[in-house]
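Below, each chain spelled out in residue letters.
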Amino acid sequence: MVDLDFTLINKNTFHVWMKFLFMQLVFKRPLLALQILYYVLLRVLRQISHSQLKYKIIKITNRVHDVLDMDHFIGIITMYTNEDIINRLKERNCCETWILATAAPEIYAKRIAEKYGFDYCCATSMNLGEEWEENIREVKLKNVYSILNELKIKEVDTLYTDHHDDIHIMKISNKIFLVNPSPKTIEVVKKLNIKYILS
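Computed from a predicted model, the values in this text were never measured in an experiment. (Residues numbered from 1 in each chain as written. Predicted model: local features only at pLDDT ≥ 70, side-chain atom pairs only at ≥ 80, totals over all residues. Heavy atoms only, no water.)

K.L.:
I would appreciate a short explanation of the nonpolar core in the present structure.
P.N.:
Here is a general trend for soluble globular proteins: nonpolar side chains tend to be buried in one another's company. Leu8, Trp17, Leu21, Tyr108, Ile112 and Phe118 are the most contacted members of the largest nonpolar core, which totals 46 residues. Of all elements in the fold, only α1 (13-25), α2 (30-44), α3 (50-64), α4 (70-77), α5 (83-90), β1 (99-105) and α6 (106-116) reach the threshold of two or more residues within this core. It is α1 that contributes the most residues to this core, seven residues altogether. Beyond its immediate stretch of four places on either side in the chain, Trp17 contacts Ile57, Thr61, Leu68, Met70, Phe73, Ile107 and Tyr108. Ala101, Ile169, Ile176 and Ile194 belong to the second largest nonpolar core, which has 20 residues in total. (Core = buried A, V, L, I, M, F, W, Y, C linked by side-chain atoms within 4.5 Å. Buried < 20%, exposed > 50% of the residue type's maximum accessible area, 1.4 Å probe, protein only. Helix = DSSP H or I, 4+ residues; strand = E, 2+ residues; numbered from the N terminus. Contact = heavy atoms within 4.5 Å.)

The following block contains the structure:
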């Protein structure tokens, strides 16, 4: 199982997405482009949460998805791939199942998963119904368990992540690779006596 931001991709992909979305809309739909700037400002001023920002950006994305040049976005993202993980993915054996599990929106997370040959993608839904939740922490664990149940397995063999937000998944993983973790992540993991390998 592989996390996306700062793990498979050495960037915050949602930040890249917002910039891409703004540039795609600034001439075609300038009012929506201004909305993006407004929501980002609200987030910078801590008037809305990160989850609320993501909800609002997904809402805009859903209105314009048919005019977005997704191939261009994927081209941008591929400049920041973690080649070590990509090579391990290419060299996997036929019995392995690889899952991309991320808080990033499905609209581009699924395309990244397909590009690199992941078997499953677990990401934040583009369906903004009443039950919408960002795919992070306990929600991510719940959605990962849904895939594991489908595969009839109870644990993750190997996890690649950079962040302690994935602590719930670490607890059900046999081997954990921490990719450029922050001091805070190292502190949290050590406190819980979770064994890990620096990657």
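K.L.:
What is the right way to look at the side chain of Asp5 in this model?
P.N.:
Looking at where Asp5 falls in the secondary structure, it is placed in the segment before α1. At 6.4 Å, Lys54 is the nearest oppositely charged side chain to Asp5, a buried residue that forms no salt bridge. At 2.6 Å, the side chain of Asp5 and the side chain of Thr13 are in polar contact. Those residues in contact with Asp5 that lie beyond four places of it in its chain are Lys11, Asn12, Thr13, Phe14 and Asp162. (Lys, Arg positive; Asp, Glu negative; His and termini not counted. Salt bridge = Lys/Arg side-chain N within 4 Å of Asp/Glu carboxyl O. Polar contact = N/O pair within 3.5 Å; in protein donor to acceptor, adjacent residues only side chain to side chain.)

K.L.:
Where do I start with α1 in this structure?
P.N.:
Helical periodicity: at 3.6 residues per turn, an α-helix aligns residues three or four positions apart in one direction. Given a rise of 1.5 Å per residue, 13 residues ought to cover 18 Å, and the 18 Å separating the end C-alpha atoms of α1 matches this to within 8%. Every buried residue of α1 is listed here: Thr13, Phe14, Val16, Trp17, Met18, Phe20, Leu21, Gln24 and Leu25. Where α1 is buried, its residues contact α2, α3, α4, β1 and α6. Looking at where α1 begins, the residue whose side-chain oxygen comes 3.0 Å from the main-chain nitrogen of Phe14 is Asn12. (Expected span 1.5 Å × (residues − 1).)

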